[in-house]
Every structure is written in structure tokens, then in C-alpha cells.
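Descriptive analysis of the structure
Below are the chains, spelled out letter by letter.
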Amino acid sequence: MKVDLTVVAIPAYVGAMIAEYRWQRRHPVAEGSRAGDYEFKDTMASLSMGLGSLAAPFVTKALLGPLASRGRYAKAAMAVAVGTGAVATAADVVRRHRRGELADAGVVDGGASARADCAVAEDLQPLPPVLARIGRGAAVAAVATSALVVATEWGARTAGERLFVRTPLDLGSGVAAGAVAILGWDFIYYWNHRLDHEVRWMWAMHSVHHSSERYNLSTALRQPWVEALTLYVPYSLLAVLGVRPAMIADARAVNLIYQFWIHTEAIRTLGWWEKVLNTPSHHRAHHGVNREYLDRNHGSILIVWDKLFGTFEPEMARPVYGLTSNVGTFNPLKIFAAEWISIARDVAGADTWRDRWSFLLRGPGWAYEHRAPALG
């Protein structure tokens with residue numbers, strides 16, 4: 001059985017957190033606390049989410065496996081998606097008709113007067129509450145089920161083992177193959193991490209990592225639980241280049257282990273290395289909600305990707321950590337569910353399929369600007 005290097009590194013994680021805590025005790029700040037200090041409830045939330053992330057792949061595989069590659073539940077899931085989509089569409093048609101938005105055939109738009117009549121009709125003839133709730137629920141079910149089927153099928157079809165057997169290339173297990181695996185993973189990681197911030201479906205998964213208003217080594221362990229429910233640029237593309245799946249797994253571990261130590265305020269700058277590597281300074285900026293830091297510094301090991309593709313921002317002002325709208329809880333389940341619930345509410349409040357899918361696939365900023373008032 002192959003050993004997961006990220007699990008082997010757990011004692012080192014614990015030791016590093018203890019060392020950071022002791023450093024903080026020896027270097028107190030005048031005001032009594034700083035964003036990098038450990039706070040018990042926050043730290044426990046991060047640690048519990050880290051432990052959950054270790055178990056999550058096994059749970060999701062057991063639950064979602066029957067959906068992938070035309071599994072025994074795949075047809076049933078698609079039937080649910082099509083059926084609920086039809087119900088939501090029917091509710092849309094009824095609602096638009098009652099609002100006067102569906103003009104009779106052959107009738108020419110009457111201009112301002114007609115639009116005023118439509119506004120009155122919207123006030124006087126709303127969709128009955130029961131039908132409105134059914135339509136909203138059906139829309140959420142259709143989007144959720146469709147996304148679930150697509151994500152599981154994408155994951156199954158892009159598995160490293162599946163792609164490796166189809167390529168004539170094999171780089172072996174030497175140093176060169178390891179370098180290609182690590183560099184290639186880092187490059188793909190940059191784009192996936194960037195999409196984590198630019199596509200709300202991926203942000204719902206990734207936002208838990210940014211949910212802490214603290215910034216210390218325990219924050220690195222605040223990892224998502226449902227990576228299998230989103231779409232990614234597949235890291236298994238490396239298998240097509242001849243990188244063996246086992247080496248791809250090792251490259252993932254190296255990448256994750258590297259990211260751990262950059263979650264600290266104890267290290268300010270690293271001189272020349274700041275030009276090439278992702279450092280605590282660069283990653284502090286990434287976690288900041290200051291306007292100049294939003295959606296910046298997506299690299300993992302190398303910061304050069306950000307510099308090449310225009311997303312680099314040096315740390316200047318002290319970062320304010322967390323989310324633009326903080327979750328306000330230390331409950332891991334609520335932290336995990338917050339953005340998914342928000343997406344469901346936005347999809348339920350949308351009147352068109354274009355908006356419903358936009359709330360899932362467009363950026364978080366677009367969604368927050370276009371969401372409807374809270375539903376009763």
C-alpha cells in the first residue's frame with residue numbers, strides 16, 4: 001500500500017505549530033494579540049476540518065462511485081435532473097404568463113404603457129406560494145443533480161490510471177520524471193487555484209480555507225471536504241505526458257506540504273527568494289480581503305506563474321484575513337456548508353436558467369451583486 005506523504009508529515013505539522021505558538025509567546029505585540037495568534041475555537045475548527053479532509057475522499061468515493069461512468073445510480077440521477085428541470089421550467093412559464101411577460105402571438109409591444117401594465121400584473125397576479133416553492137425547489141434540485149453527475153463523470157474519465165494506460169509515454173521513476181511531476185502539478189495548481197476564486201462552484205469548495213480571520217500554521221489545515229464535487233483542470237494530464245500515477249500522487253503531497261509553512265506571520269520576508277517562490281509574505285496577501293489583494297497570488301510553490309499571468313501583488317499594507325463577508329462561526333459543518341447554502345438560495349431566487357447557472361458558474365462577485373432579495 002502506497003504511503004501518503006501528507007499523512008507522514010502530520011507529526012511535523014504538529015511540531016511546527018507548537019514552535020510557532022512558542023515564538024508568539026516570546027514575541028508578544030503591544031496591543032495584546034495579532035491576527036497570527038492562536039485562538040482556541042478557531043484552531044479547533046481548522047484542525048477538525050483538516051482531519052475531515054483526510055476522511056472525505058473515502059466517504060465521497062463510497063457515496064459518489066455509483067454515479068460515475070454510468071454507474072447504477074447515474075441514470076436515476078439524470079432522470080431527477082431532467083424531471084426537476086422540467087418542473088422548474090413549467091413554473092417559469094406560468095410565472096411569466098401571470099406577470100404578462102409572455103405576449104400574445106401577433107401582438108406588438110405597446111411601449112411604456114404595456115410595460116406599466118406588466119408591472120401592475122406582477123403585483124396583482126403573483127405565482128401562488130405553493131407553486132413558487134415547488135418551482136424554486138425544483139430549480140435547485142435540477143442544478144445540484146446535474147452538477148453532481150457532471151463532476152463525478154469528469155473525475156472518473158480523467159483519472160490518472162485511466163489516462164496513463166492510453167499514452168505511449170513513460171518517463172519512468174527517476175529524478176527527471178519527479179521534476180516534471182512537481183513542476184507540472186505546480187503549473188496546473190496555479191490555474192485551478194485561480195479558478196477557485198473566479199468560478200463560484202469552485203469557490204464554494206475553496207472558501208472554507210479562507211474562512212478563518214486568523215493566519216497561522218493551523219490555517220493551512222483548514223481544508224475542503226468536497227473536492228470531488230467540483231470541476232478541475234485535471235492533474236492527470238501529467239499522465240498523458242508519461243508521468244506515472246504514483247509520481248503524480250507524490251507531486252500532490254510535495255505541493256501540499258510546501259503550502260503548510262507559508263501560513264505564518266512569524267516569517268516576514270525571504271530576500272531574493274521572494275522573486276521566485278511563493279512565500280509567507282506572498283500568501284498572506286493572498287489571504288487578505290483588502291481590495292488590492294483579492295484574487296491575487298494563486299501560486300503554490302512558485303510565484304512566477306502569478307508574475308507571468310498578471311495576478312501577482314506584493315504584500316504592502318497589512319492584510320485583513322477572512323472572507324469579504326465572514327461566516328461568523330467556528331462550527332466546521334456550518335463553515336463547510338455556508339457557501340453551498342448561499343448558492344442554493346441564489347438559484348432558488350433566480351427567474352431564468354441563465355441566471356441559475358450563472359450563480360453557479362460565474363464569479364462570486366457577480367453572484368453577490370445579482371442575487372435577489374431573501375426569499376420568505
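Residues numbered from 1 in each chain as written. Predicted model: local features only at pLDDT ≥ 70, side-chain atom pairs only at ≥ 80, totals over all residues. Heavy atoms only, no water.

Right, let's talk about unusual backbone geometry for a bit. A positive phi is found at Asp 295, a non-glycine position, where the angle reads about 60 degrees. For Asn 297, which is not a glycine, the phi torsion comes out positive at approximately 55 degrees.

Orientation of helix 14 (residues 332–349) relative to helix 15 (residues 353–361), taken along the N-to-C sense of each, is 165 degrees, at an axis distance of 8 Å. Classified by the angle between their axes, helix 14 and helix 15 sit roughly antiparallel to one another. Of the two possible hands of crossing, helix 14 and helix 15 adopt the one that is right-handed. On the side of helix 14, the interface is formed by Ile 343, Asp 346 and Val 347, while helix 15 contributes Arg 356, Phe 359 and Leu 360. When its residues are assigned to classes, the contact of helix 14 with helix 15 shows four nonpolar, no polar and two charged. (Axes fitted to C-alpha atoms, helices over the stretch in contact; angles between N-to-C directions. Helix = DSSP H or I, 4+ residues; strand = E, 2+ residues; numbered from the N terminus. Parallel < 35°, antiparallel > 145°, perpendicular 65-115°, else oblique. Left-handed = near helix turned anticlockwise from the far one by under 90°. Contact = heavy atoms within 4.5 Å. Nonpolar A, V, L, I, M, F, W, Y, C, P; charged D, E, K, R; others polar.)

In this section: the environment of Lys 41. Along the polypeptide, Lys 41 turns up in helix 3 (residues 40–64). Among the residues examined, Lys 41 registers a relative accessible area of 51% and is labelled exposed. Through-space distance from the C-alpha of Lys 41 to that of Pro 168 is 52 Å; in sequence the pair is 127 residues apart. (Buried < 20%, exposed > 50% of the residue type's maximum accessible area, 1.4 Å probe, protein only.)

Following the criterion strictly, the structure yields 13 aromatic pairs and no others. Ring centres of Trp 185 and Tyr 235 lie 3.7 Å apart, and the angle between their planes is 10 degrees; this geometry places the pair in the stacked category. With a gap of 50 residues between them, Trp 185 in helix 8 (residues 175–198) and Tyr 235 in the loop between helix 9 (200–206) and helix 10 (237–240) connect regions that are remote in the sequence. For Trp 185, a relative accessible area of 9% puts it in the buried group. Against the face of Phe 312 rests Lys 307, its NZ or CZ located 5.0 Å from the ring centre. Positioned above the aromatic ring of Trp 353 is the side chain of Arg 356, whose terminal nitrogen or guanidinium carbon lies 4.7 Å from the ring centre. (Phe/Tyr/Trp six-rings, centres within 6.5 Å; stacked < 30°, edge-to-face > 60°. Lys NZ or Arg CZ within 6 Å of the ring centre and 35° of its normal.)

If you add up the space inside the second largest pocket, you get close to 690 Å³. The wall of the second largest pocket is formed by 29 residues, among which Trp 203, Leu 323, Thr 324, Ser 325 and Tyr 368 lie closest to the centre. At the level of elements, helix 12 (280–287), helix 14 and helix 16 (364–370) are the ones that each hand at least two residues to the lining of the second largest pocket. Of the residues forming the lining of the second largest pocket, the biggest block, five residues, is contributed by helix 14. Partitioning the lining of the second largest pocket into residue classes produces 10 nonpolar, 14 polar and five charged. (1 Å grid on protein atoms, 1.4 Å probe; cavity = no way out; pocket = protein on both sides within 12 Å on 5 of 7 lines; lining within 4 Å. Points joined across faces, edges and corners; volume = space filled by probe spheres on them.)

If you walk through the whole model with that rule in mind, you get 15 salt bridges. Among the salt bridges present, the one from Arg 34 reaches Asp 37, with a minimum N-O distance of 2.7 Å. Under the relative-accessibility criterion, Arg 34 is labelled buried at 16%. Between Glu 153 and Arg 157 there is a salt bridge whose closest N-O contact spans 2.5 Å. Residue Glu 153 and its partner Arg 157 are located together in helix 6 (residues 129–157), separated by four residues, close to a single helical turn. (Salt bridge = Lys/Arg side-chain N within 4 Å of Asp/Glu carboxyl O.)

Bringing the nonpolar core into the picture now. Of all hydrophobic cores here, the largest spans 26 residues; its most connected members are Trp 201, Val 347, Phe 359 and Leu 360. When contributions to this core are tallied by element, the ones reaching two or more residues are helix 3, helix 6, helix 9, helix 14, helix 15 and helix 16. It is helix 6 that provides the largest number of residues to this core, a total of five residues. Membership of the second largest hydrophobic core comes to 14 residues, among which are Phe 164, Ala 177, Tyr 189 and Ile 248. (Core = buried A, V, L, I, M, F, W, Y, C linked by side-chain atoms within 4.5 Å.)

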